[in-house]
Amino acid sequence: MEKRFDVAVVGGGAVGCAIARELCRYEQSVVLLEKESDVARGTSGRNSGVVHAGFNNPPGSLAARLCVEGCAGFATVCRELGVPYSSTGKLVVALEPEDAPALERLLAQGRQGGVPELELWTPRQTRAREPGIASCGALWSGSTGITNPILYTVALAENAQANGAEIILDFAVDAVDRAGDGFILRAGERALGADFVVNAAGLYADRVAALAGDENYRIYPCRGEYLVLDKQAAALLRTPVYPVPRPGVGGLGVHLTPTVDGNILIGPSAEYIDSRADTGTTAAVIERLWEEALRLLPALAQSRVVTAYAGLRSKTVPAGAQNFGDFIVEHSRATPNLINLAGIESPGLTASLPLARLVCRLLSEKKPLKLKADFRPERQRGEEFRSSPPERRRAMAAADPAAREIVCRCETVTRREILTALDNPLGVRSLTGIKVRSRAMTGRCQGGYCQQRLAATLRDEYGVRPEDIRLDGREAWVFTGEVK
Amino acid sequence: MRGEKIFRADVAVIGGGPAGLAAAAAARAAGAERVLVLEREPLAGGILNQCIHDGFGLVRFGEALTGPEYAGRFLRAAEERGVDIRTRTMTLELTAERRLRTLGPRGYETAEAGAVILAMGCRERTRGAIQIPGARPAGVFTAGVAQYYLNRQNMMIGRRALIVGSGDVGLIMARRLTLEGARVLAVVEKLPYAGGLARNVVQCLEDYDIPLLLNHTVTRIEGERRVERVTVARVDEAGRAVPGTERVWACDTVVLSVGLIPENELALQAGAEISPLTGGAVVNGDLQTSIPGVFACGNALHVHDLVDHVSAEAETAGQSAAAFIRAGTAARAEDRLIPIRPGAGVRYVVPFFLRPGARSLISLRVKEPMSRRRIEVRAGGRVLAARKFPRLTPAEMVRLTLREPAPPETETVEVMISDD
Ligand SMILES: Cc1cc2nc3c(=O)[nH]c(=O)nc-3n(C[C@H](O)[C@H](O)[C@H](O)COP(=O)(O)OP(=O)(O)OC[C@H]3O[C@@H](n4cnc5c(N)ncnc54)[C@H](O)[C@@H]3O)c2cc1C
Ligand SMILES: Cc1cc2nc3c(=O)[nH]c(=O)nc-3n(C[C@H](O)[C@H](O)[C@H](O)COP(=O)(O)OP(=O)(O)OC[C@H]3O[C@@H](n4cnc5c(N)ncnc54)[C@H](O)[C@@H]3O)c2cc1C
């Protein structure tokens, strides 16, 4: 007999992990199933990391409401979970005088939706905040912030796990069979049972629903490419800066976003594509990203790129459609005991916890949910050498030999931090898994210095054979073996 | 910082590669007492520790040594001179007042040095920096990383490889991978000539029938998990891919040898002026940076192709550092400096300034390959140095010693290339 759970969540993105964590507040058994070898490998690891205020979506829409709610609580949750968050505010700038009415429209839309701290700024006020930006005025949003979306998702998963959820990686659900009122979920030879299924599979939400007999959805992937700039450019920008959104382009426009780690992002583009897996970048878009970025901030011309990436929006409206695709969160109309989430594109990161609470409410319509007395929302975060003051650094080094060695020189990551990342509660051992948890390999040398050290640690201290070392995912081998 | 212990040194050398070791030994020989080498690796020797092929030391010792053998000689020389070599010790901060913060077996420490020598070497340009489009699967390595995996860790990185860029390390890795049983499909180079030394093109590619595709570039990397395919296209004179010339190569590995960048985070932190031409500090003939008492040498100053030249340059830096602590800061600040101007066809010249009366060594690289030329170093009407070259390529650094120093009244010194 396969193991049984009260609820199975399919998809380890920000939304699925938030749902798993919120479900753990109640007396029930929860499992989260993720097809990749880590959480946050889908769209949740490939976005702008902006905690949106909520003025971009039509007032009254689910997206607008949950975004405002998510934004209001985000800083607190990040503190609870030990995730970096920075309250940066945000500027939507009018580059041409014709853009000014659009700012007024956004302001009105935001106010109607209850978004706090919105103001129209003069060019001078804007320049005082961001001296490099030449604008004809801007909309200032004081409640917008930034986070590290990967660490946020990892933290949610770890906290869910600490509160009793089982997190199963490398479990690509390929069949959802009915068994009585519940389900058997399968991945190859493996199977487990669940009374309820929550489908939070992002780009694959339509497919997972279809596996369970619900053919009511269709997802259209829309790619957004980014460039990541060297930290040397950090001083040029402290606030996310967006152009006025153009209708029908499928995104908010190419913007500039400082990250919590001190880089600047340029992007994203918006391009409907056929593949749900093609997160590659293209020469034509990279060129356009630069053009648009320099229109916003000409001083970026001298800055260097450290890497590029792309994320896919899971749209429910096809290319060219003018209608707004709102978040869909509902009981399946075809299959009992299945809750589907679809079209969770931006601001899905911001809204992830409100979405999760909504799922709990839907679930409570089907079965009684009883609060657990011992739910612990807090998660400890390891101490960072890089951001510690000198006295602290000295104490860390004095107390711990592993804190006396820098493994990643670009981001100043100690051996202790690498070991902490390697001993992560989800048991992820890929190079990318260490990277996202420690920041090793993310700096300007892109692992030129540290990746050999990570590989050696895996081999010599964790007993992983070279041919079993993975960059990310099961087929992402790095070595064929030992040199003969 | 309360309770902080500060240790003092006459000369602190950051980086214990061939440059740092030679500089430290020379500083001791020139009279500096307490000379420290701060090296982050467990073993000093720098990048040479992963260069197990031979060919090092031909200029300096008239012998073909392996990298570790060459480094070993300088390590012993430094130890015999009483240099204090602190391994596993990374320098994390440097100020213009020559205060350093280091992390190592002794903890997180602060040092104050009479003079500092920057000898941090270089790092490799990455895929991100040259913005190759496409997916980001496993199997894309820079050549130095690939070399480290094979030579230091005994780990093999793939079966079918394409090498992108024809720098020396890439050429050497083409041969190394072939010898280890991998199939190296080609070396793709954007420019009309190889980036590495002619001898490496012959010994590493031609001898193994590995094609060198000049005027070609990579336009796309594909592969969901591991590299599966790479698209290569011809480029036009402006370096842009020519549509219709694409060819797809099935491979599982891409090795990038697309340039080395002097490692200068610390120099920037301290506020030293960095040259956009070399990526290293702007120095005078004594190899002093724009910060008094801070010197630079080796690949941290400008990327070298032969370690023999690194050692010679580093000795100058060591001697200058020793002279600086003898003379003190004030004595040097007033010196008038004569700028050196690279003439047509010259990519860069190190040093950037000369002191009147000093007989410096000049290093330079040309912009493109040329043959039968004469290089002259001129101060007004006077020729300070001149030499004929049957062939000049950007891959090969040119070194000239001034026959006579620049006269005190010189406005600028020029380095000119003319037909021979
Ligand atoms: C370019 C871009 C920029 C964005 N910027 C922002 C922003 O700044 N702020 C913001 O709030 N939002 C932003 N978003 C939106 C946000 O990223 C998404 O709304 C959010 O990440 C969606 O999370 P998710 O968990 O639904 O999807 P995902 O993160 O894609 O998670 C779905 C998971 O399901 C897994 N899965 C799929 N099929 C199966 C299966 N059969 N079995 C097991 N597992 C499966 C996948 O592997 C994946 O991990 C942006 C989105 C994009 C594309
Ligand atoms: C991959 C590669 C292969 C090469 N192969 C050849 C070859 O075959 N033949 C040849 O003649 N030349 C070769 N070269 C050229 C070679 O760079 C030079 O000959 C020589 O090694 C440069 O010496 P260096 O001391 O300046 O730099 P490096 O040898 O790079 O030494 C720099 C040292 O500084 C240390 N360091 C850096 N920053 C810090 C810090 N903050 N704190 C403490 N320590 C620090 C590093 O760990 C390193 O040990 C190669 C270069 C590279 C990059």
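The structure this text deals with has already been given above.
Here goes a summary of the coordinates provided. (Residues numbered from 1 in each chain as written. Chains lettered and ligands numbered in written order. Predicted model: local features only at pLDDT ≥ 70, side-chain atom pairs only at ≥ 80, totals over all residues. Heavy atoms only, no water.)

### Observations concerning the site of ligand 1
Residue and element names in this part refer to chain A. Here is the rule: Near, as used in this document, describes a residue that has one of its heavy atoms within 4 Å of the molecule or strand being considered. Counted as a polar contact is a pair of N or O atoms within 3.5 Å, where, for protein atoms, one must be capable of donating a hydrogen and the other of accepting one, and residues adjacent in sequence contribute only when both atoms are in side chains. Computed with the Shrake-Rupley method and a 1.4 Å probe, the accessible areas treat only the protein chains shown as cover for residues. An automatic or database domain assignment supplies the residue ranges for each domain.
The environment of ligand 1 is made up of 39 residues, and the closest members are E34, S44, V50, I344 and T350. Taking K35, its main chain carries an N or O atom lying 3.1 Å from a nitrogen atom of ligand 1. At a separation of 3.4 Å, an oxygen atom of ligand 1 approaches a polar backbone atom of P347. Here ligand 1 has 1,000 Å² of accessible area as a free molecule, and 96% of this is covered by the chains. Both domains that meet at the shell around ligand 1, namely domain 1 (1–87 + 144–219 + 321–381) and domain 3 (221–315), each give it at least three residues.

### Some points on the environment of R470(A)
Residues and elements named next belong to chain A. Put simply, the rule is: Secondary structure elements are taken from DSSP: a helix is a run of H or I of four residues or more, a strand is a run of E of two residues or more, and numbering for both begins at the N terminus. Residue contacts are counted whenever heavy atoms from the two residues lie within 4.5 Å of one another.
Tracing the backbone through its elements, the reader meets R470 in the loop between helix 12 (451–462) and strand 23 (481–482). Between the alpha carbons of R470 and A63 there is a distance of 37 Å; along the sequence they are 407 residues apart. Not counting residues up to four positions away in its chain, the partners in contact with R470 are S430, L431, E475, A476, W477 and V478. At 2.6 Å, the side chain of R470 forms a polar contact with the backbone oxygen of R474.

### Quick notes on helix 11 (residues 431–438) of chain A
Residue and element names in this part refer to chain A. Cut-off, in case you're wondering: Three labels apply to residues, based on accessible area from a 1.4 Å probe with only protein chains included: buried if under 20% of the type maximum, exposed if over 50%, partly exposed otherwise in between.
Of all the 8 residues making up helix 11, 7 are buried; the element is thus mostly covered by neighbouring parts of the structure. Taken together, the buried positions of helix 11 are L431, T432, G433, I434, V436, R437 and S438. Looking at the buried side of helix 11, the elements it contacts are helix 5 (149–162), strand 22 (413–414), helix 10 (415–422) and helix 12.

### Things to note about the sheet that holds strand 13 (residues 183–188) of chain B
Residue and element names in this part refer to chain B. We count it as follows: Following DSSP output, two strands are said to pair if at least two bridges run between them. Orientation is described by lines fitted to C-alpha atoms, with helices fitted over the stretch in contact, and by angles between N-to-C directions that extend from 0 to 180 degrees.
Taken together, 5 strands build an open sheet; the order of strands is 10-18-12-13-14 and the sheet is parallel. Bordering the open sheet on either side are strand 10 (140–142) and strand 14 (212–213), each of which pairs with just one other strand. Sheet topology note: the strand 13/strand 14 ladder contains 2 bridges and is parallel. Bridging across to strand 14, V187 finds its partner in L212. Across the sheet, helix 5 (residues 143–152) lies against strand 10 and strand 18 (253–256), angled at about 95° from strand 10, the strand it touches most.

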